[in-house]
Amino acid sequence: QVQLVESGGGLVQAGGSLRLSCAISGRTLSNRGMGWFRQAPGKEREFVAGISWSGGSRSYADVVKGRFTISRDNAENTVYLQMTNLKPEDTAVYYCAASYTTPSVYDYWGQGTQVTVSS
């Protein structure tokens, strides 16, 4: 089993920054990739960013490109999402997810961390 625990969420003013962390425990070997997703009230969960096991491949949703950066520290079993120039529309619960079977198919999910951006 794999456990994912997110942290770093909070309340920030528009234009501000936050860094989310996702601690991975349990079966850390054979990880194929990690992702961040978010879900705003009344909306479906959406992909935000993804990173391969090596960190050599990264992808972003168009709405966050240039503002968010995903990274990982395999020695610390942690994945990060650095968010800058935050906008009120970034307000959502942010979830960390892990892929162990098929790339870009996420098998495990964290409980989420709330990010609120005030205008």
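Summary of the structure given here. (Residues numbered from 1 in each chain as written. Predicted model: local features only at pLDDT ≥ 70, side-chain atom pairs only at ≥ 80, totals over all residues. Heavy atoms only, no water.)

**Some thoughts on the overall build of the chain**
In step 1: What the chain contains, in helices and strands, is zero helices and 11 strands.
In step 2: Sequence-ordered secondary structure for the chain, helices as α and strands as β, is β-β-β-β-β-β-β-β-β-β-β.
In step 3: Relative to the 2.2 N^0.38 estimate, which gives 14 Å for 119 residues, the radius of gyration of the chain is 13 Å and therefore close to what a compact globule would have.
In step 4: Overall size of the chain, expressed as C-alpha extent along the three principal axes, is 40 × 25 × 25 Å.
In step 5: Per-residue burial over the chain gives 44% buried out of 119 residues.
In step 6: Summarising the internal contacts of the chain: among those between residues at least 6 apart in sequence, 54% fall at separations of at least 24.
In step 7: Accessible surface for the chain amounts to roughly 6200 Å². Of this, 48% is attributable to carbon and sulfur atoms.
In step 8: Of the side-chain charges in the chain, 11 are positive and 9 negative, and the distance between the mean point of each set is 3 Å. (Helix = DSSP H or I, 4+ residues; strand = E, 2+ residues; numbered from the N terminus. Rg over C-alpha atoms; globule rule 2.2 N^0.38 Å. Buried < 20%, exposed > 50% of the residue type's maximum accessible area, 1.4 Å probe, protein only. Contact = heavy atoms within 4.5 Å. Areas by Shrake-Rupley, 256 points an atom, 1.4 Å probe, with all protein chains shown as cover. Lys, Arg positive; Asp, Glu negative; His and termini not counted. Charge placed at Lys NZ, Arg CZ, Asp CG, Glu CD.)

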